[in-house]
Amino acid sequence: MILVTGGAGFIGGNFVLQWFAGEHNEPLVNVDKLTYAGNLDTLSSISERDDYFFEKVDIADEAEIKRIIAQYQPRAIVHFAAESHVDRSITDPGAFVRTNVVGTFNLLEQARHYWNDLPEPQKSEFRFLHVSTDEVYGTLETNDPAFCETTPYQPNSPYSASKAGSDMLVRAYYHTYGFPVVTTNCSNNYGPYQFPEKLIPVVILNALAGKPLPIYGNGQNIRDWLYVGDHCAAIRLALANGRLGETYVVGGINEKTNMEVVHSICTILDEVRPRDAGSYAEQITFVKDRPGHDARYAINPEKIQTELGFKPAHTFETGLRETVLWYLNNNEWITRVQTGEYTQWVDQHYAQARGV
Ligand code: NAD
Ligand code: TYD
């Protein structure tokens, strides 16, 4: 049994689907608070399996996390749950500290007590895989070398600062208690089931709706992009073979300016769903920049490549095309997200459970 947190979110959801698409049949319990970013529709294809379990719980809830770990007795925890959107962290940083810092602390603490009491060989085999971001390293100038595992932490947004805090706690649990952790710091992900607040789904869906494609500032900020399925594969490698106490940076060696990304999306859409006249690129609109907007992220993935044999299966071109086609072909998921219907099952289900 493995325990996944945040498995109803974008990357966690892809990870759970990939887990059950594999040949092994190890059970999985998904612990997710179902914030606005948690969407059980993503998991509808596997939710009836008898080796899949779901717990709607906040990772900061001490008693509930203790109960869940004791009940399911996981051999590993893969920790995705987080507040993840930089723009939201600027308007509501408190939620980021509560979940990313306090929540991760609680999860570590409950897991450590559980692990402490495990008999061998379960104790030696136990793993806590912490999923983090490259944003903890701050921002790069054009000619700076890419981030690697020894790059100093210089987080610039409340989001990246809260993730940096969680990384530090994870590190400390290894050094202080010998708690068996592995951390991954990945670059920007894209792919199916991403909530339409992040750049790529915003642009695809606004383009199709005839709305402006909002580019912050001058559009020259650079991100490294990795297809979500490749990130999930990297996490599985790190879970299986990552060295204890180590961090692995993960990336696609796909540095693109935001303008390049948006133009690539427009080009694919012009081909597969042409407008009546002109290109989707005509909808590009420059808007006010994000405060503290990091200029560039880049990853040197040498360590995970050489130690764990990581190799992305997608290029940016193949991954982006798949992603655009996914958004074109999954109207129901999109409509239910856009109308907020995806939350209704949760509201009804838990109202019934409370006897309301
Ligand atoms: P997401 O916002 O799509 O999903 C987060 C999930 O966590 C949601 O299902 C949400 O309901 C759940 N959650 C939030 N607070 C919770 C709480 N207190 N208790 C339990 N569950 C809670 O995020 P994502 O994009 O899937 O990112 C997942 C992880 O990967 C995060 O830790 C993020 O920092 C990291 N990461 C993301 C990216 C990216 O590009 N999206 C890149 C690198 C690393
Ligand atoms: P985002 O998807 O929010 O990821 P992150 O901030 O974690 O990198 O943004 C990716 C880049 O796109 C970032 O430089 C901000 C920019 N951006 C826009 O230009 N317009 C938008 O509407 C959004 C959401 C992001």
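In this report, the structure presented in the accompanying data block is examined. (Residues numbered from 1 in each chain as written. Chains lettered and ligands numbered in written order. Predicted model: local features only at pLDDT ≥ 70, side-chain atom pairs only at ≥ 80, totals over all residues. Heavy atoms only, no water.)

### Brief notes about the site of ligand 1
If you check the shell around ligand 1, you find 29 residues, and the closest are I11, D32, S84, Y159 and K163. Within the contact set of ligand 1, a nitrogen atom lies 2.9 Å away from a backbone nitrogen or oxygen of I59. Within the backbone of V131, one N or O atom sits 3.4 Å away from an oxygen atom of ligand 1. When ligand 1 sits alone it has 830 Å² of accessible area, and the protein chains cover 97% of it. In terms of residue count, strand β5 (residues 127–133) provides more of the shell around ligand 1 than any other element does, three residues in total. Here the residues of the shell around ligand 1 sort into 13 nonpolar, eleven polar and five charged. (Near = heavy atom within 4 Å. Polar contact = N/O pair within 3.5 Å; in protein donor to acceptor, adjacent residues only side chain to side chain. Areas by Shrake-Rupley, 256 points an atom, 1.4 Å probe, with all protein chains shown as cover. Helix = DSSP H or I, 4+ residues; strand = E, 2+ residues; numbered from the N terminus. Nonpolar A, V, L, I, M, F, W, Y, C, P; charged D, E, K, R; others polar.)

### A look at unusual backbone geometry
With omega at 5°, the peptide bond leading from E120 into P121 counts as cis. Although it is not a glycine, Q73 adopts a positive phi angle of roughly 50°. Checked against the element boundaries, Q73 lands in the loop between α2 (62–72) and β4 (76–79). We note that Y193 has phi near 70°; this positive angle belongs to a residue other than glycine.

### Looking at helix α11 (residues 316–329)
For α11, built from 14 residues, the straight-helix expectation of 20 Å at 1.5 Å per residue is met to within 8% by its first-to-last C-alpha distance of 20 Å. Along α11, the residues classified as buried are F316, G319, L320, T323, V324, W326, Y327 and L328. (Expected span 1.5 Å × (residues − 1). Buried < 20%, exposed > 50% of the residue type's maximum accessible area, 1.4 Å probe, protein only.)

### Details of the packing of aromatic side chains
Tallied over the full model, the rule gives 23 aromatic pairs. Each ring, one from Y114 and one from F126, has its centre 5.8 Å from the other, and the planes form 70°; the classification is edge-to-face. Taken together, the positions of Y114 in helix α4 (residues 93–116) and F126 in the loop between α5 (122–125) and β5 put the pair twelve residues apart, joining distant regions of the chain. Accessibility expressed as a relative area gives 1% for F126, which makes it buried. Their ring planes at 40° and their centres at 6.0 Å tell us that F126 and F179 sit as a pair that is tilted. (Phe/Tyr/Trp six-rings, centres within 6.5 Å; stacked < 30°, edge-to-face > 60°.)

### Quick look at the packing of α11 against helix α12 (residues 331–339)
As a packed pair, α11 and α12 sit with axes 6 Å apart at the nearest point and diverge in direction by 75°. Taken as axis vectors, α11 and α12 run roughly perpendicular relative to one another. Residue-level contacts link W326, Y327, L328 and N329 of α11 to N331, W333 and I334 of α12. Here the contact of α11 with α12 is built from residues that sort into five nonpolar, two polar and no charged. (Axes fitted to C-alpha atoms, helices over the stretch in contact; angles between N-to-C directions. Parallel < 35°, antiparallel > 145°, perpendicular 65-115°, else oblique. Contact = heavy atoms within 4.5 Å.)

### With respect to the sheet that holds β5
The strand order β3-β2-β1-β4-β5-β6-β10 describes an open sheet built from seven strands, whose pairing is parallel. With one partner strand each, in any of the chains shown, β3 (52–55) and β10 (247–250) form the two edges of the open sheet. Sheet twist, expressed as the average angle between the axes of neighbouring strands with direction ignored, equals 20°. As paired elements, strand β6 (residues 181–186) and β10 share four bridges and run parallel to each other. Of the residues in β10, the one forming a bridge with C186 is V250. Seen against the sheet, helix α8 (residues 228–241) touches β4, β5, β6 and β10 and runs at an angle of roughly 145° to β5. (Pairing = 2+ DSSP bridges.)

### Describing the site of ligand 2
Among the 15 residues in the neighbourhood of ligand 2, the closest are listed as E135, P214, R223, R290 and H293. Interatomic distance of 2.5 Å between a side-chain N/O atom of E135 and an oxygen atom of ligand 2. A distance of 2.8 Å separates an oxygen atom of ligand 2 from a polar atom in the side chain of R223. Here ligand 2 loses 96% of its free accessible area of 510 Å² to cover by the protein chains.

### Considerations on the nonpolar core
Counting 67 residues, the largest nonpolar core has F15, V78 and I265 as its most contacted members. Counting residues per element, this core draws most heavily on helix α9 (residues 258–272), which supplies seven residues. Of all hydrophobic cores here, the second largest spans 23 residues; its members include I68, Y72, F126 and V181. (Core = buried A, V, L, I, M, F, W, Y, C linked by side-chain atoms within 4.5 Å.)

### Concerning the state of the cysteines
Taken as a whole and assessed by the stated rule, the structure comprises zero disulfides. Of all cysteine sulfurs in the structure, the one in C186 sits closest to C148, which takes part in no disulfide; the separation is 15 Å. Owing to a relative accessible area of 23%, C148 belongs among the partly exposed residues under this scheme. (Disulfide = S-S within 2.5 Å.)

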